[in-house]
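Reading the structure
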Amino acid sequence: MVRAMLIARTLIQLREACARLRQDAGALAFVPTMGALHQGHRALVRAGVASGAATVASIFVNPLQFGPNEDLSRYPRDEAGDLAALEAEGCTLVWLPDVATMYPPDEATTIVVGGPAERWEGDARPGHFRGVATVCAKLFGQVRPDRAYFGEKDWQQLQVVRRMVADLLLPLEIVGIETVREADGLAMSSRNRFLSPAERTLAPSLYAALTRAAGRIAAGAPTPAVLSEAADALTGAGFDVNYLALVDGPSLAPLDRATPQSRLLTAARLGSVRLLDNVPVG
Ligand code: AMP
């Protein structure tokens with residue numbers, strides 16, 4: 001029997017549905033999102049469904065993770081399209097909280113993660129990971145999943161959430177899912193729609209530069225030279241490179257040579273869009 005996907009818009013509805021699903025399915029998988037869903041999000045939902053758990057997805061554009069000069073007001077929203085995509089992937093329950101439920105006026109607690117939240121996006125977007133960690137902790141408390149799925153596309157975010165879950169002894173497992181890309185290599189992102197046609201043509205060269213640099217570093221070329229050549233080439237092509245760094249995967253500490261856990265990490269602006277990407281090295 002095919003059951004219709006459940007939708008919860010209040011905490012009471014969510015708690016009732018989760019309790020029932022936990023009883024019926026045994027385990028709950030959880031995919032937090034900000035909506036405007038694409039194949040990257042859908043891969044996370046598919047992994048949850050494939051695990052045999054009842055899969056809960058949330059859609060919440062989290063104001064706490066946007067800075068004052070960031071794109072909260074223009075962040076794309078498409079509830080009907082998102083619900084259709086989630087249903088098509090076999091999602092069991094969608095959680096659509098409002099801002100007042102997530103951030104009641106009398107609240108006094110936020111979560112600040114050190115370690116992997118420092119540097120890179122932490123420097124570029126002050127307060128961003130405080131917003132991410134706080135909303136994830138709240139969502140985990142609301143849904144109480146056995147596993148939560150996050151994309152490697154946002155590598156630093158994945159490590160920050162893992163660190164928080166380990167440090168706060170939260171009773172769930174964090175599962176990372178490989179980045180889903182367009183056919184030309186561009187990492188899928190809800191913000192790609194804001195690229196102009198010319199920027200969209202240029203955008204895949206970010207991934208091409210990452211893979212080329214990763215190959216050279218893995219083959220033993222000196223890391224600082226490889227990184228500065230790649231950054232110069234991207235700048236010459238029209239990217240405003242925010243950072244391009246070789247880092248230890250879990251801790252995000254910078255490295256000067258490849259290790260089994262190293263990643264090449266970048267953020268670069270193309271017009272009004274900040275593109276993030278990363279690849280394994282070695
Ligand atoms: P967002 O809606 O942008 O907050 O993303 C929700 C989740 O989807 C996060 O765990 C992201 O890392 C993940 N995600 C976004 N884009 C991709 C992608 N291209 N491939 C895999 N996961 C992704």
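Per chain, the residues get numbers from 1 upward, laid out in the order the sequence is written. Since the coordinates come from a predicted model, pLDDT governs what is reported: local features require at least 70, and pairs of side-chain atoms require 80 or more to be given and counted, while whole-chain, interface and lining totals use all residues. The side-chain figures draw on all heavy atoms in the structure; neither hydrogens nor water molecules are used.

Some words on the overall build of the protein chain
Runs of E in the DSSP output that reach at least two residues are strands. Runs of H or I that reach at least four are helices, and both are numbered from the N terminus. From N to C terminus, the protein chain includes 10 helices and 9 strands. Only C-alpha atoms enter the radius of gyration; for comparison, a globular chain is expected to reach 2.2 Å times N to the power 0.38, where N is the number of residues. Relative to its length of 282 residues, the protein chain is compact, with a C-alpha radius of gyration of 19 Å against a globular reference of 19 Å. Seen through its C-alpha atoms, the protein chain measures out along the principal axes to roughly 55 × 40 × 40 Å. Relative to its 282 residues, the protein chain shows a buried fraction of 50%. A sequence separation of at least 24 residues applies to 71% of the contacts in the protein chain between residues at least 6 apart. Only protein chains enter the accessibility calculation, which uses a 1.4 Å probe. A residue is then buried if its area is under 20% of the maximum for its type, exposed if over 50%, and partly exposed in between. We call two residues contacting when some pair of their heavy atoms lies within 4.5 Å.

A closer look at helix α7 (residues 155-167)
By this rule, a helix spans an expected 1.5 Å times one less than how many residues it contains. The end-to-end C-alpha separation of α7 is 18 Å, in line with the 18 Å expected for 13 residues at 1.5 Å each. Every buried residue of α7 is listed here: Trp155, Gln156, Gln157, Leu158, Gln159, Val160, Val161, Met164 and Val165. The secondary structure elements touched by the buried residues of α7 are α5 (121-124), α6 (128-143), β5 (147-151), β6 (173-177), β8 (262-270) and β9 (273-280).

Some points on the pattern of salt bridges
The salt bridge criterion pairs a side-chain nitrogen of Lys or Arg with a carboxyl oxygen of Asp or Glu, the two atoms within 4 Å. Counted by the stated rule, this structure contains 13 salt bridges. With a shortest N-O distance of 2.8 Å, Asp71 and Arg191 are connected by a salt bridge. Pair noted here: Asp71 is in the loop between β3 (54-59) and α3 (79-88) and Arg191 is in the loop between β6 and α8 (197-202), with a separation of 120 residues, a long-range link. Taken individually, Asp71 and Arg191 each receive the classification buried, so the pair is uniform in this respect. For the salt bridge of Arg216 with Glu229, the shortest nitrogen-to-oxygen distance reads 2.9 Å. A residue pair is termed long-range when its members are at least 10 positions apart, and Arg216 in helix α9 (residues 204-218) and Glu229 in helix α10 (residues 223-237) qualify at 13 residues. With a relative accessible area of 43%, Glu229 lands in the partly exposed category.

A few points about the domain arrangement of the protein chain
Segmentation of the protein chain into domains returns domain 1 (8-177) and domain 2 (190-281). The partner domain 2 presents 21 residues to the 22 residues of domain 1 that form the contact. Interface of domain 1 and domain 2: buried area, both sides summed, is about 1,900 Å²; carbon and sulfur atoms make up 53% of it. In short, buried area is how much 1.4 Å probe accessible area vanishes from two parts on joining, totalled over both. Considering only the side of domain 1, the residues that lose the most area to domain 2 are Arg74, Trp120 and Trp155, jointly responsible for 38% of the buried surface there. At the junction of domain 1 and domain 2, the tally comes to 3 salt bridges. Polar contact is the term for a pair of N or O atoms within 3.5 Å; when the atoms are in protein, one must be able to donate a hydrogen and the other to accept it, and sequence-neighboring residues count only if both atoms are side-chain atoms. At the boundary of domain 1 and domain 2, one finds 9 residue pairs in polar contact (both at pLDDT 80 or more). Broken down by element, the side of domain 1 that touches domain 2 gets its largest block of residues, 3 residues, from α7. Residue classes in the side of domain 1 that touches domain 2 are distributed as 8 nonpolar, 6 polar and 8 charged. Annotation comment: domain bounds sourced from an automatic or database domain assignment. Residues are grouped as follows: Ala, Val, Leu, Ile, Met, Phe, Trp, Tyr, Cys and Pro are nonpolar; Asp, Glu, Lys and Arg are charged; every other residue, Gly included, is polar.

Thoughts on the site of the ligand
Note on definitions. A residue lies near a molecule or strand when any single heavy atom of the residue is within 4 Å of it. Surrounding the ligand, one finds 17 residues, the nearest of these being Met34, His41, Asp154, Val180 and Met188. Interatomic distance of 2.9 Å between a side-chain N/O atom of His41 and an oxygen atom of the ligand. In this structure, Gly151 approaches the ligand through a main-chain N or O atom, which is 2.9 Å from an oxygen atom. Its free accessible area being 490 Å², the ligand has 93% of it covered by the protein chains. Top contributing element to the shell around the ligand by residue count: helix α2 (residues 39-50), with 3 residues. The accessible surface values rely on the Shrake-Rupley method and a 1.4 Å probe; as for residues, cover is taken only from the protein chains in view.

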